Amino acid sequence: MDSDAAHRIPRHIAIVMDGNGRWAERRRQPRSFGHREGQKAVRSAIEFCRRQGIQSLTLFAFSSENWKRPESEVGALMQLFMKALEREVDELHANGVRIHFVGDLSALSPELVQRMQAAMARTLGNAALRLNVAVNYGGRWDIVQAARATAQAALRGDLDPSAIDEASFARHVCLADQPPVDLFIRTGGEMRISNFLLWQIAYAELYFTEVLWPDVNADILGAALAEYAQRERRCGLTSAQVRAAN
Ligand code: IPE
Ligand code: IPE
Ligand code: MG
């Protein structure tokens, strides 16, 4: 690895935190036990990113498809989100973390949404790390809501439809105000996106690990970063062009 690559750090990491259920089932415990245990890995991922100087971390906590799970599991997850907001925000705030929730929050309980909004408002001025938590998020939903916002801007007369391009559309997609996703990580061994960020990962490096989310720690994330540093991000160029530019 050349020294330039060794120092290449992603600006924005997005993680599909998968494998909580299997982690619990292997221990003959209810799936909700795995979700609870997964919160420790969330804490260590946040701490890891802060230490590494990563600007943005986006975590997939609940997909638009996860409502199809048994009511008891969905209920346990919602309770966990409530409790986590109660318990974790003070420390995150003290550590300079700016919290942001992305997804269709209108389907969540008003109490939960109120806490999410309070956490976002309270941490708005923080700059150590941007933490985005995707709840009731779907990549297709995100693209559709951006299309709707773009259409509304055109209807208002703020945008000429023939002038709609990638840049004007991208402004309406979630996380538009943050650096592009450089590294997409999925734990739990599945090799799919599961309707997480779609638009945003067009040129992200993808990293998959068999490790189940509750077992994730700084070593596992360090291995992902080491692999990322070795990738050559050509973005359509030839390898010779990339080397010449560095
Ligand atoms: C990911 O773990 C957490 C959520 C989807 C909320 P899973 O619950 O999907 O765990 P597995 O994939 O069943 O092991
Ligand atoms: C993706 O994991 C959603 C989250 C991690 C929140 P799933 O476990 O729901 O994905 P599938 O069902 O295996 O595709
Ligand atoms: Mg899963």
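One can find the structure itself at the top, above this paragraph.
The paragraphs below set out a description of the structure included in this document. Keep in mind the model is a prediction, meaning the values are calculated, not measured. (Residues numbered from 1 in each chain as written. Chains lettered and ligands numbered in written order. Predicted model: local features only at pLDDT ≥ 70, side-chain atom pairs only at ≥ 80, totals over all residues. Heavy atoms only, no water.)

## A short note on the packing of aromatic side chains
For clarity, the threshold we go by: Two aromatic rings from Phe, Tyr or Trp, using only the six-membered ring of Trp, form a pair when their centres are within 6.5 Å; if the ring planes differ by under 30 degrees the pair is stacked, by over 60 it is edge-to-face, and anything between is tilted. Secondary structure elements follow DSSP: runs of H or I no shorter than four residues count as helices, runs of E no shorter than two count as strands, and numbering proceeds from the N terminus. Under the scheme applied here, a residue whose accessible area is under 20% of the maximum for its type counts as buried, over 50% as exposed, and between as partly exposed, the area being computed with a 1.4 Å probe on protein chains only.
This model, assessed by the stated rule, comprises ten aromatic pairs. Note on W23 and F33: the rings are 5.8 Å apart at their centroids and 35° apart in plane angle, and the pair reads as tilted. Of this pair, W23 sits in helix α2 (residues 20–25) while F33 sits in helix α3 (residues 31–52), placing them ten residues apart in sequence. According to the relative accessible area criterion, W23 is buried, its value standing at 7%. These aromatic residues form a ring-pair network of at least three members: F60, Y137, W141, F184, F196 and F208.

## Observations concerning the sheet that holds strand β1 (residues 12–16)
Here is the rule: In this scheme, strands are said to pair when DSSP sees at least two bridges between them. For helices, the axis comes from a line fit to the C-alpha atoms of the stretch in contact; other axes are also lines fit to C-alpha atoms, and the angle between any two N-to-C directions lies between 0 and 180 degrees.
One open sheet holds the six strands; their spatial order is β3-β4-β2-β1-β5-β6, and the pairing between them is parallel. The open sheet has two edge strands with one neighbour each: β3 (97–102) and β6 (205–208). If you compare each strand with its neighbour and ignore which way they point, the axes differ by 20° on average.

## Some thoughts on the packing of α3 against helix α4 (residues 71–94)
Under the convention used in this document: Convention used here: angles under 35 degrees read as roughly parallel, angles over 145 as roughly antiparallel, angles from 65 to 115 as roughly perpendicular, and any remaining angle as oblique. Handedness of each helix crossing follows the sense of rotation of the near helix against the far helix: counterclockwise by less than a right angle gives left-handed, clockwise gives right-handed. When checking whether two residues touch, look at their non-hydrogen atoms; a contact exists if any pair is within 4.5 Å. Note on residue categories: nonpolar means Ala, Val, Leu, Ile, Met, Phe, Trp, Tyr, Cys or Pro, charged means Asp, Glu, Lys or Arg, and polar means any other residue, Gly included.
At a minimum axis distance of 10 Å, the contact between α3 and α4 shows a crossing angle of 30°. On the basis of the axis angle, α3 is roughly parallel to α4. Of the two possible hands of crossing, α3 and α4 adopt the one that is right-handed. Residue-level inspection shows R31, S32, H35, R36, Q39, R43 and I46 of α3 in contact with α4, the latter providing E73, A76, L77, L80, A84, R87, E88 and L92. When grouped by side-chain class, the residues that make up the contact of α3 with α4 number six nonpolar, three polar and six charged.

## Description of the packing of α3 against helix α8 (residues 218–230)
Axis separation between α3 and α8 bottoms out at 10 Å; the angle between their running directions is 50°. In terms of orientation, α3 lies oblique with respect to α8. Considering how the two elements wind past one another, α3 and α8 form a crossing that is right-handed. Together, A45, F48 and Q52 of α3 and A218, L221, G222 and L225 of α8 make up the contact between the two elements.

## Re helix α5 (residues 110–122)
Short version of the rule: Expected helix span is given by 1.5 Å per residue-to-residue step, counting one fewer step than there are residues. Directions are taken from the helix axis to each C-beta atom, and the arc is the one they span.
Helix length check: α5, at 13 residues, gives a terminal C-alpha distance of 18 Å against a target of 18 Å (1.5 Å per residue), a fit within 8%. Listing the buried residues of α5 in full gives L112, V113, M116, A119 and M120. One side of α5 holds all its buried residues, which, seen down the axis, span an arc of 125°. Among the exposed residues of α5, those oriented more than 90 degrees off its buried face are P110, Q114 and A121. As for α5, its buried residues are in contact with α4, β3 and β4 (129–137).

## Details of helix α6 (residues 139–156)
Relative to the 26 Å expected for 18 residues at 1.5 Å per residue, α6 spans 26 Å between its end C-alpha atoms, a close match to the ideal helical length. Within the span of α6, buried status applies to G139, D142, Q145, A146, A149, T150 and A153. On an axial view of α6, the arc spanned by its buried residues comes to 140°, and they lie on one face. Facing away from the buried side of α6, by more than 90 degrees, are the exposed residues R140 and L155. Its buried side turned inward, α6 meets β4 and α7 (166–170). At the C-terminal side of α6, G157 shows a positive phi close to 90°.

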